[in-house]
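A structural walkthrough
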Amino acid sequence: MSNTPAKPDPIAQMEKIVSLCKRRGFIYQSSEIYGGCGGVWDYGPLGAELKRNLRDAWWRAMTRDREDVVGLDACILMNPAIWKASGHVDTFADMMRECTLTNKRVRADHVEPQSGTVMQFSGVKSPSGWSINRQITVLMKQGEHIESFRKRVRAMLAMTGGPAAGKPEELELLDEQKIDVVNGSVDFHPESGGALGESRPFNLMLRTYLGPTATEADVTYLRPETAQAIFAQFKNVYESSRVKVPFGICQIGKAFRNEVTPKNFTFRSREFEQMELEYFIKPDEAVEIISGEVAQWTEGADLSEPKANWGWDMWHRYWVDQRTKFYQSIGLGDVLEYYWQTPADLAHYARACVDILCEFPFGTEELEGIAARGEFDLGSHQKHSGKSQEVFDEELKLAAAKLTDEQKEALIQKRLAAENAKTKGEPMPEADVRAWFDRLFKGNYVPHVIEPSAGLDRMALAVIAKAYEEFTKTDEKGKSETITVLRFHPRVAPIKCGVFPLLKNKPELVAKAREVYNLLKPHFNCFYDETASIGRRYARQDEVGTPFGVTIDFETLGEKGPELQDTVTVRERDTNAQHRIKVSELLGWLQARL
C-alpha cells in the first residue's frame, strides 16, 4: 500500500477547501437559503471552535502571558466624531470604477488585464418600446465568437433593463462597430467586459442611524476597525489600571467595511473580526533623556527582552519578532513572508510598517500589518476632543532637570532637522517644536504607538489552507482513493480527540468508551463516534483535523491479559503512530501534547 501526495492546482485546491468547509461545518455562505449575502460568511460548529481556539491563543499570547498588556472590549457603535478625528470620514476610501454596462462596481486596483476587440453600439431597443439611447462599449474577449458575444451583451442589457426590456433574444443592438484591439487593458469590467468609468473614491464605512428619528444628525457608522476605540479609551485605561508606559491595550472584535469587491472566500469580507494591539511607548527624545541614548537596530540584535533604551525602531522590530513567533506556535511558521513598506508606501504619519504575508492557494497575501504610527492617533484625538492624552513621567522630569541648556537646545535642533527633512506631511513649525519640548522637559508627552493588527478570519483561512492536504492511497489490491486530511496544529484544532469503541454492538466497550469520553470532555473538545469501521472513523476525524484518536478495545477490558487492562490505543493523526496509554494517565498524556 502506498500514499502518493497529489500535486495541488491552486484554483482547484481553493475550490476543494471551500467545499470541505461547507460539507464539514467550518464555513457557510450567510443567508444561503435566500440567495446569500455578498461578502459575509457564517461559521459552523467546527469553524466556531477553530476561531475560538485562535482567538484564545492570541489573547493568551497578548495578555495572559505578559505583564504589560491589558484588554478592552469596546462597542461597535461610537460617537461619529471619533471617525472624523481619525480621518476615516474624509479619507477611508478605495478608488472605485463602475461598469457602464451593468453598473457593477470594482476596485480600480483589482481590475485584471484583459485582451480582445473593443465593440461599440449606439444603443439598444426592444419591440416593447424600451430602449437605451447612449453609446455602449463592450470588450469581446479573445477567442469569443461574435454571436456568443452578442448574446452575452443582450442578456446583460436585459438584466439591467428588468421586465421592461423584454426577452434578451428580441433586443436589437444598434450600429455595431469594431473600435480597437487591446492587449492587457484594465479599462473593462473583468466579468461583463463593459467599459469602466473614471476612478472615484468610495468610502468603505457602513452608515447607520443612532436614535429613533433617522436624520442626518443621527448618522453614525459601524466601526471599520477596532483600534480607534482603544485610542478613545486610552486615558481611562491608563488611569484605572495602574499601568506605566510602555504598555499595551488590545482587543478582539467585529469590524465592517463596505468592500467594493469582496473576494477569495473569507479573505476579504464586509464583516470580519479584528485582533489589534496598540502598544504605547515613550517618544525617542524621552528615551534619550532618560537613558542617554536610543538603541540602534542592527542585524542579529537581541529582541528577547525589552530594554529601557529602546526607541520606536527597536520596539517595532520586537513586535514583528513576537508576532512571527505566535504564527509559528499555531503552525504557520513555514508559509510566512515579509514586506517592509517603502517610504512611498507609508502613510504620512507612519515611521515604518511591515506586512506579514502568508501563502494562500490564491497567492501570497497580507496576514497582519505592524505599524509604527508615532503620536498621530492620540494626538489627533487630543486635538479634536480637547481632552489631554498626555501622560506624566516622573523619571523623565528628573532626568530632564539634570540637562544643561546646551544639551536641551541640542535635542531641539536635532528634532528641527528631522522635521525639515520630512518628505511626507507638513513639518512641525519651530514654535510648536519648542513648545513640545517645553512640555517634555517637564515630564509630559503623548505616547507613541506600535500597532500589530491582524484579521481573525484571514488567520482561520490561512490555518485551514496550510492544514489542507490530499493524497492518493492505494491498497494491496491496487484500488486507489483520494484522502483528505486537515493537519491542524493540535493547539488550534477544533476537535482535540476522537473517542471510539472498537465495536458498537459490545455494550461493555461502549460503556467504557463513554466513561473515557466523559473523563476528557470537561478539559477540551472531544467527539464520540461508534458508527462504521474504525478505519472510517479515523478518516472522518482526519478530514476535520482531529490530532488524536482514542480507541477502546478488548485489551481495555482485560481480555488479552491483566497487564493491558484499563489501557487504550491512542492514534496520532500525522504519523499513524499508536500508543498504549493507561486510562488514568490519558488526560495528562493528551494535555502535554495540546
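The model shown is predicted, which means the values in this text are computed figures rather than measured ones.

Parameters and conventions
Each chain carries its own residue numbering, running from 1 in the direction its sequence is written. Totals for whole chains, interfaces and linings use every residue, but because this is a predicted model, local features are given only for residues with pLDDT of at least 70 and side-chain atom pairs only at 80 or more, for both listing and counting. Computation of side-chain values: all heavy atoms of the structure, hydrogens and water removed. Centres within 6.5 Å are what make two rings of Phe, Tyr or Trp a pair, Trp counting through its six-membered ring; a difference in plane orientation under 30 degrees is then read as stacked, over 60 as edge-to-face, and the rest as tilted. Using a 1.4 Å probe on the protein chains alone, a residue whose accessible area is under 20% of its type maximum counts as buried, one over 50% counts as exposed, and one in between counts as partly exposed. The rule for a charge over a ring is simple: NZ of Lys or CZ of Arg within 6 Å of the ring centre, and within 35 degrees of the ring normal. Definitions used throughout: a 1 Å grid over protein atoms alone; a cavity as a set of points that fits a 1.4 Å probe which cannot get out; a pocket as an open set with protein on both sides within 12 Å along at least five of seven lines; a lining residue as one with an atom within 4 Å of a point. Grid points are joined across faces, edges and corners, and a volume is the space filled by probe spheres set on the points. Labels follow the DSSP assignment, with helices taken as runs of H or I lasting at least four residues and strands as runs of E lasting at least two, numbered in each case from the N terminus. Each residue receives one of three labels: charged for Asp, Glu, Lys and Arg, nonpolar for Ala, Val, Leu, Ile, Met, Phe, Trp, Tyr, Cys and Pro, and polar for the others, Gly being one of them. Here, residues are in contact when the closest pair of their heavy atoms is within 4.5 Å. Two strands pair under a simple rule: DSSP has to find at least two bridges between them. For every element, the axis is a line fit to its C-alpha atoms; helices are fit only across the contacting stretch, and the angle between N-to-C directions ranges from 0 to 180 degrees.

Under the definition given, this model contains 26 aromatic pairs. Judged by centre distance (5.6 Å) and plane angle (70°), the rings of Phe326 and Tyr327 are edge-to-face. Exposure remark for Tyr327: the relative accessible area of 0% places this residue in the buried category. A connected cluster of aromatic rings, assembled from ring pairs, spans Phe231, Phe234, Tyr238, Phe247 and Phe280. The ring of Tyr538 has Arg571 lying over it, and the distance from NZ or CZ to the ring centre is 4.6 Å.

Here the focus is empty space enclosed by the protein. Applying the stated criterion across every chain yields a total of one cavity of 30 Å³ or more. Along its surface, the largest cavity is lined by Phe500, Tyr538, Gln541, Asp542, Thr546, Pro547, Phe548, Gly549, Arg571 and Arg573. Where the lining of the largest cavity is concerned, the elements lending two or more residues are helix H16 (534–543) and strand S28 (548–552). By residue number, the principal contributor to the lining of the largest cavity is H16, which donates three residues. For the lining of the largest cavity, the class distribution of residues is four nonpolar, three polar and three charged.

Time to look at the environment of Asp218. Inspection of the secondary structure assignment puts Asp218 in the loop between strand S14 (206–209) and strand S15 (219–222). Distance in space between the C-alpha atoms of Asp218 and Pro80 is 9.2 Å, their sequence separation being 138 residues. Those residues in contact with Asp218 that sit more than four places away from it in its chain are Thr208, Tyr209, Leu210 and Thr213.

As a further point, take the sheet that holds strand S6 (residues 105–107). Taken together, three strands build an open sheet; the order of strands is S6-S5-S13 and the sheet is antiparallel. Every interior strand has two partners, whereas the edge strands, S6 and strand S13 (200–203), have only one. Between one strand axis and the next, the sheet turns by 55° as a mean value, whatever way the strands run. Bridge analysis of strand S5 (residues 93–98) against S6 gives three bridges, and the strand direction is antiparallel. Looking at S6, one finds that Met96 is bridged to Arg107.

Functional significance is not addressed by these values, which are geometric in nature.
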